[in-house]
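One letter stands for each residue in the lines below.
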Amino acid sequence: MPRRTLASLLLILLPLLTGARPGELELEDVLQLLLIDRALLAVDAEGSDLRLELELGEQVLHYEAQGRVGVAFTDRRILAVAVGSAAWQVERLRIGERLTETPLLGDRVALILTDVRALGFDGGSGNLVEQRFGPREAPTLRAVSSSV
């Protein structure tokens, strides 16, 4: 069987064998977050790294990466980064605001929930967006997939 035909056949069969739909294959982790001394370092498979210095007395509570996105939160800030980012995206916690659970990460997106708002991070554009909850409003379902 010619190589080109074999490659085409594998592209068709691979999603069926893995249980994924076409276009839904998970990405390899291509971003790693490291906590070194008083800085967070994002290193990606494309050969770039991005450093974020912590503020005086700031404590990192959680950090993780999956696919092309990484998030961290401290006692003061929510931080997000993606492969190829020019800078960390930073959102300060409001007075009295607290994170309600660890972030949910897909391969290209992240969802961060606090007691007063939801923040979404799009690894493709590198944008961090937020939506505040209304009075007596709280999320009842939390989910992410690889891209949404």
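Residues numbered from 1 in each chain as written. Predicted model: local features only at pLDDT ≥ 70, side-chain atom pairs only at ≥ 80, totals over all residues. Heavy atoms only, no water.

Undergrad: Pulling in residues and values, what's your account of the sheet that holds strand 6 (residues 77–82)?
TA: Here we have 4 strands laid out as an open sheet, ordered 4-5-6-7, and antiparallel in their pairing. Each edge of the open sheet carries a strand with a single partner, namely strand 4 (60–66) and strand 7 (89–92). Geometrically, the sheet is characterised by an average inter-axis angle of 10° between neighbouring strands, direction not taken into account. Pairing between strand 6 and strand 7: 4 bridges, direction antiparallel. Within strand 7, the position partnered with Arg77 by the bridge is Arg92. (Pairing = 2+ DSSP bridges. Helix = DSSP H or I, 4+ residues; strand = E, 2+ residues; numbered from the N terminus. Axes fitted to C-alpha atoms, helices over the stretch in contact; angles between N-to-C directions.)

Undergrad: Residues and numbers for the sheet that holds strand 10 (residues 117–122), please.
TA: The 4 strands are arranged 8-9-10-11 in an open sheet whose pairing can be described as antiparallel. Across the chains shown, the open sheet's two edge strands, defined by having one partner strand only, are strand 8 (104–105) and strand 11 (127–132). The pairing of strand 8 with strand 9 (residues 109–113) spans 2 bridges and is classified as antiparallel. Within strand 9, the position partnered with Leu105 by the bridge is Ala110.

Undergrad: How would you sum up unusual backbone geometry? Please name residues and give values.
TA: For Asp37, which is not glycine, the phi torsion reads 55° and is therefore positive. Topologically, Asp37 is positioned in the loop between strand 1 (31–36) and strand 2 (39–44). Since its relative accessible area comes to 70%, Asp37 is described here as exposed. Of note, Arg136 is a non-glycine position whose phi angle comes to about 55°, a positive value. Relative to the helices and strands, Arg136 is located in the segment after strand 11. Arg136 sits in the exposed class, given a relative accessible area of 88%. (Buried < 20%, exposed > 50% of the residue type's maximum accessible area, 1.4 Å probe, protein only.)

Undergrad: Talk me through the nonpolar core; I want residue IDs and the actual numbers.
TA: Among the nonpolar cores identified, the biggest contains 14 residues, and Val71, Ile78, Ile112 and Phe121 are the most heavily contacted of them. If you look at the next biggest cluster of nonpolar residues, it comprises 11 residues, including Leu31, Leu50, Val81 and Trp88. (Core = buried A, V, L, I, M, F, W, Y, C linked by side-chain atoms within 4.5 Å.)

Undergrad: Pulling in residues and values, what's your account of the pairing of strand 1?
TA: Here strand 1 runs beside strand 2; their pairing, made up of 6 bridges, is antiparallel. Looking at the pairing, Gln32 lines up with Val43 of strand 2. Between strand 1 and the antiparallel strand that follows it, strand 2, lie 2 residues; Asp37 among them carries a positive phi value of about 55°.

Undergrad: Can you lay out the pattern of salt bridges for me, pointing to particular residues and giving the numbers?
TA: Evaluation of the coordinates by the stated rule reveals 10 salt bridges. Across the salt bridge formed by Arg76 and Glu55, the nearest N and O atoms sit 3.2 Å from each other. Of this pair, Arg76 sits in the loop between strand 5 (69–74) and strand 6 while Glu55 sits in the loop between strand 3 (49–53) and strand 4; the two residues are 21 residues apart in sequence, bridging distant segments of the chain. Ionic pairing is found between Arg117 and Glu91, a salt bridge with its closest N-O pair at 2.9 Å. Taken together, the residues Arg117 in strand 10 and Glu91 in strand 7 connect sequence positions 26 residues apart. Considered together, Arg117 and Glu91 belong to a single accessibility category, that of buried residues. (Salt bridge = Lys/Arg side-chain N within 4 Å of Asp/Glu carboxyl O.)

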